[in-house]
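The residues making up each chain are set out below.
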Amino acid sequence: MTEPLFSEDDEEFDRPRLAAHGPVRVRVPAKINLHLHVGPVRPDGFHELTTVYHAIGLYDELTARRGDTLTLTMEGEGTGALSLGEDNLIMRAVRALAAETGHDAFARLHLKKQIPIAAGLAGGSADAAAALVACDHLWGTGLARDDLAAIAATLGSDIPFLVLGGTALGTGRGELVSPVLTGGHAWHWVLAVADEGLSTPVVYKTFDELGGAGVAGSPDDLLAALRQRDPEVLADRLANDLQAAALHLRPELRQVLDAGLDAGALAGLVSGSGPTCVFLAEDARHAALLAAELEARACCRAVRTAAGPVPGARVL
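Quick caveat: nothing in here was measured; it's all calculated off a predicted structure. (Residues numbered from 1 in each chain as written. Predicted model: local features only at pLDDT ≥ 70, side-chain atom pairs only at ≥ 80, totals over all residues. Heavy atoms only, no water.)

Draft legend 1. How the structure looks around helix H9 (residues 253–262). Leu-253, Val-256, Leu-257, Ala-259 and Gly-260 are the residues of H9 that are buried. Projected down its long axis, H9 carries its buried residues within an arc of 160°, all on one side. For H9, the exposed residues lying more than 90 degrees away from the buried face are Gln-255 and Asp-262. Close packing links the buried residues of H9 with strand E7 (187–193), helix H8 (243–249), strand E9 (267–270), strand E10 (277–281) and helix H10 (284–297). One or two residues past the end of H9 sits Gly-264, with phi positive at roughly 115°. (Buried < 20%, exposed > 50% of the residue type's maximum accessible area, 1.4 Å probe, protein only. Helix = DSSP H or I, 4+ residues; strand = E, 2+ residues; numbered from the N terminus. Arc of directions from axis to C-beta. Contact = heavy atoms within 4.5 Å.)

Below is the structure:
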């Protein structure tokens, strides 16, 4: 019997902690959107969203050590292209946690990045979630996961989910997160990573320019499909209102989607604001075969397999 990937009653965050004396390593997953309905623009400039988040086993790792200032270094995906200054979400997250708890915003942080940037996988949001969890443990502030998620909501729409992980319904601008019980069932995915990222604000702007009419509607059918645990049923329920905008900006993504379906994927869609394309497989073996076929077709920069749901940011 397969061990569940994620325990929905994990209470790791809900017990007191002492400050860590050594380094704290946190692993945080990427996310995909199984359902993304984009509603009208709100008075605050954000779109009203209804989405089903799903955390998958593609990870970044953040290490936090004690220091007398706040510094950030990195390796891996995006090195040299990703700002490490005060505008980085990691730095903003640490300062937000310090302000909330009255702690000095001191830490030496190092990021090992595998989640591609600007890929529709919430890599930046994942790293911010990791920073909140890492510094909470480093400083011994002892916040519950819901407290960390509340701080995360002030920083970005996807960050609260990546503190929590699993599968969850997101509303508001995405920051209001309600866990979805999936009974530990594992879903298997293949990711086709594009050569260049897409700007989320540009994708939303294009969505509006194309008419701003979201058609994904209610997530009820998708939530019911998750409970059935049948990949073929789930395949018919995946939906993303931003896909048309992403394809408008990157028409070549249509060829990637077609290649995945032709190679035997049960379904394919653009992940979030793109440009990563995500394909649903029957099981782990099917995912490996599908990934090999996509690699042979050389239709994208990289191919990854991942299963979900998995927990959000967690100390290793």
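Draft legend 2. Structural context of the packing of aromatic side chains. This structure, assessed with the given rule, holds one aromatic pair. Centroid distance Tyr-53 to Phe-161: 4.7 Å. Interplanar angle 15°. Geometry classified as stacked. Of this pair, Tyr-53 sits in strand E2 (residues 47–65) while Phe-161 sits in helix H4 (residues 159–164); the two residues are 108 residues apart in sequence, bridging distant segments of the chain. Residue Tyr-53 is classed as buried on the basis of its relative accessible area, which comes to 1%. The side chain of Arg-173 reaches across the aromatic face of Phe-46, ending 5.2 Å from its centre. (Phe/Tyr/Trp six-rings, centres within 6.5 Å; stacked < 30°, edge-to-face > 60°. Lys NZ or Arg CZ within 6 Å of the ring centre and 35° of its normal.)

Draft legend 3. Representation of a negative patch on the surface in the model. Residues Asp-230, Glu-232, Asp-236, Glu-282 and Asp-283 make up a contiguous surface patch of negative charge. Relative to the elements of secondary structure, Asp-236 occurs in the loop between helix H7 (231–235) and strand E8 (239–240). (Patch = residues over 30% accessible without salt bridge, like charges linked within 9 Å, V, L, I, M, F, W, Y side chains within 5 Å. Areas by Shrake-Rupley, 256 points an atom, 1.4 Å probe, with all protein chains shown as cover. Salt bridge = Lys/Arg side-chain N within 4 Å of Asp/Glu carboxyl O. Lys, Arg positive; Asp, Glu negative; His and termini not counted. Charge placed at Lys NZ, Arg CZ, Asp CG, Glu CD.)

Draft legend 4. Structural view of the UniProt feature "binding site: ATP" (unreviewed entry) in the chain. Feature annotation in UniProt assigns "binding site: ATP" (unreviewed entry) to the following positions: Pro-116, Ile-117, Ala-118, Ala-119, Gly-120, Leu-121, Ala-122, Gly-123, Gly-124, Ser-125 and Ala-126. Within the secondary structure, Gly-120 is located in the loop between strand E4 (107–113) and helix H2 (123–139). Apart from residues lying up to four places away in sequence, Gly-120 is in contact with Lys-31, Ser-271, Gly-272, Ser-273 and Gly-274. Mapped onto the fold, Leu-121 is located in the loop between E4 and H2. When residues no more than four places from it in sequence are discounted, the contact partners of Leu-121 are Ala-30, Lys-31, Ile-32, Leu-58, Ile-115, Pro-116, Leu-191, Ser-271 and Thr-276. (UniProt positions renumbered as here; feature names shortened; annotations may be inferred.)

Draft legend 5. Representation of the UniProt feature "domain: GHMP kinase N-terminal" (unreviewed entry) in the chain in the model. Feature annotation in UniProt assigns "domain: GHMP kinase N-terminal" (unreviewed entry) to the following positions: residues 88–166. Annotated as 57% helix and 9% strand, the span residues 88–166 places its first and last C-alpha atoms 25 Å apart.

Draft legend 6. Main features of the environment of Lys-31. Within the fold, Lys-31 resides in strand E1 (residues 24–41). A residue is classified by how much of its surface remains accessible, and Lys-31, at 4% relative accessible area, is buried. Residues Lys-31 and Phe-161 lie 130 residues apart in sequence; the distance between their C-alpha atoms is 8.7 Å. With residues near it in sequence (within four places) discarded, Lys-31 still touches Tyr-53, His-54, Ala-55, Gly-120, Leu-121, Ala-122, Asp-158, Phe-161, Leu-162, Ser-271 and Gly-272. A distance of 3.4 Å separates a polar atom in the side chain of Lys-31 from the backbone oxygen of Gly-120. (Polar contact = N/O pair within 3.5 Å; in protein donor to acceptor, adjacent residues only side chain to side chain.)

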